[in-house]
Amino acid sequence: MKEYFEQLVKSRQSCRDFNDKPLDKATVEEIASLAALAPSACNSQPWKMYLVTEPERLKLTADALGVNGHNKFLSGAKAFIVLAEKSATLKPGVRFDRNHFVKYDIGELLAYITLGAKSMGVESCIIGMVDQNLIGDAVGLGDGEICNVAVALGYSDIPLREKKRKPIEETIKTL
């Protein structure tokens, strides 16, 4: 099990060059269903995942995530999982704003999405540039929902790049 996870983590990379191979809706739904098992503070699950697979919505979503001409590669994505943040109620009557736990919960959900996708042979790229007005129009965000991040999905022929990381001594300290 450890060997599988190690291989999965070492082989996952951000993809900015998707090929033409179609990505079926069922696979995107399976990735999202597995990712929905991600933990969250007090099991609040302060998210909604919008699965974008229809061609016209793919274009609208790519435009919303390509702010000011950035991220042109998104036109090659075969699907998107757009993450909407929702305010979380952790205990009856106690509300926390998005800055409390929600960002951490969304981060964990992102990890589950990208690793889940990789486990199914699907490449991904996390996109943090979002035009709120355009993404709202593209996916129909609900009241009180905002989107700060999405994941582009597809297949790629790009070979695995060498991972460049800081030395372990700079990022891990055992006490």
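An account of the accompanying structure is given in this report. Just so it is clear, the structure is predicted and the values come from calculations on it, not from any experiment.

### Side note on the pairing of strand β5 (residues 123-127)
Taken across its five residues, β5 has four buried, putting it largely inside the fold. Pairing of β5 with strand β6 (residues 146-154) involves five bridges; the strand directions are antiparallel. Directly across from Cys125, in β6, lies its bridge partner Ala152.

### Observations concerning unusual backbone geometry
In this model, Cys42 sits at a positive phi of 50 degrees, which is unusual for a non-glycine residue. As for its placement among the helices and strands, Cys42 is situated in the loop between α2 (25-35) and β1 (47-52). In this structure Cys42 comes out as exposed when scored by relative accessible area, which is 54%. In this structure, Gln45 takes a positive phi of about 45 degrees despite not being glycine. Overall, the relative accessible area of 36% leaves Gln45 in the partly exposed class.

### Points about helix α5 (residues 132-139)
Residues of α5 that are buried: Ile135, Ala138 and Val139. The buried residues of α5 occupy an angular sector of 75 degrees when the element is viewed end-on, so they sit on one face. α5 presents Asn133 and Asp137 as exposed residues on the side facing more than 90 degrees away from its buried surface. Residues of α5 that are buried sit in contact with β1, α3 (55-65), β2 (79-85) and β6. At the N-terminal end of α5, a side-chain oxygen is found 3.0 Å from the backbone nitrogen of Asn133, two or three residues along, and the residue is Asp131. Note on α5: the residue one or two positions beyond its end, Gly140, has a positive phi of about 75 degrees.

### Re the sheet that holds β6
Pairing in this open sheet of four strands is antiparallel, and the strands run β1-β2-β6-β5 from one edge to the other. In this open sheet, the two edge strands, each paired with only one partner strand, are β1 and β5. Shown here is a sheet whose adjacent strand axes are inclined to one another by a mean of 20 degrees, direction ignored. As defined by bridge partners, β2 adjoins β6 across seven bridges and the pair is classed as antiparallel. Bridge pairing in β6 links Leu83 to Val149. Relative to the sheet, α3 contacts β1, β2, β5 and β6, its axis offset from that of β2 by approximately 60 degrees.

### Brief notes about the pattern of salt bridges
Opposite charge on two side chains permits them to pair, given that their charged atoms come into close proximity. The full count for this structure, using the stated rule, is five salt bridges. Between Lys2 and Glu6 there is a salt bridge whose closest N-O contact spans 3.1 Å. Taken as a pair, Lys2 and Glu6 lie in helix α1 (residues 2-11) at a separation of four residues, close to a single helical turn. The partner of Lys118 in a salt bridge is Glu123, with the nearest N and O atoms 2.8 Å apart. Neither Lys118 nor Glu123 differs from the other in exposure class; each is buried.

### What to know about the nonpolar core
In terms of nonpolar packing, the biggest core is built from 24 residues, with Leu65, Leu74, Phe80, Val82, Ile135, Val139 and Leu141 touching the most fellow members. Those elements giving two or more residues to this core turn out to be β1, α3, β2, β5, α5 and β6. Element by element, the count of residues in this core is highest for α3, at four residues. Here Phe80 is in contact with Tyr50, Leu51, Val52, Leu58, Thr61, Ala62, Leu65, Leu74, Val151 and Ala152, once residues within four sequence places are set aside. By size, the runner-up hydrophobic cluster in this structure holds 22 residues, among which are Ala32, Ala35, Leu83 and Leu153.

Parameters and conventions
- Here, residues in each chain are numbered from 1, in the same order as that chain's written sequence.
- Only residues with pLDDT of at least 70 are given local features in this predicted model, and only at 80 or more are side-chain atom pairs given and counted; all residues enter the totals for whole chains, interfaces and linings.
- The side-chain quantities take in all heavy atoms of the structure and omit both hydrogens and water.
- The classification of residues rests on relative accessible area computed with a 1.4 Å probe and restricted to protein chains. Under 20% of the type maximum is buried, over 50% is exposed, and intermediate values are partly exposed.
- We count a stretch as a helix when DSSP gives it H or I for four or more residues in a row; a strand needs E for two or more, and each element gets its number in order from the N terminus.
- Only when DSSP finds a minimum of two bridges between them are two strands counted as paired.
- The directions from the helix axis to the C-beta atoms are what the arc is built from.
- By definition in these notes, contact holds between two residues if any of their heavy atoms fall within 4.5 Å.
- Within 3.5 Å is the distance limit for a polar contact, defined as a pair of N or O atoms, with the added protein rule that one can donate a hydrogen and the other accept it, and that residues adjacent in sequence qualify only through two side-chain atoms.
- Axes, fitted as lines to C-alpha atoms, cover a helix only where it is in contact. Angles between the N-to-C directions of the axes lie from 0 to 180 degrees.
- Throughout this description, the term salt bridge denotes a Lys or Arg side-chain nitrogen within 4 Å of a carboxyl oxygen of Asp or Glu.
- Residues belong to a common nonpolar core when they are buried Ala, Val, Leu, Ile, Met, Phe, Trp, Tyr or Cys residues joined through side-chain atoms within 4.5 Å.

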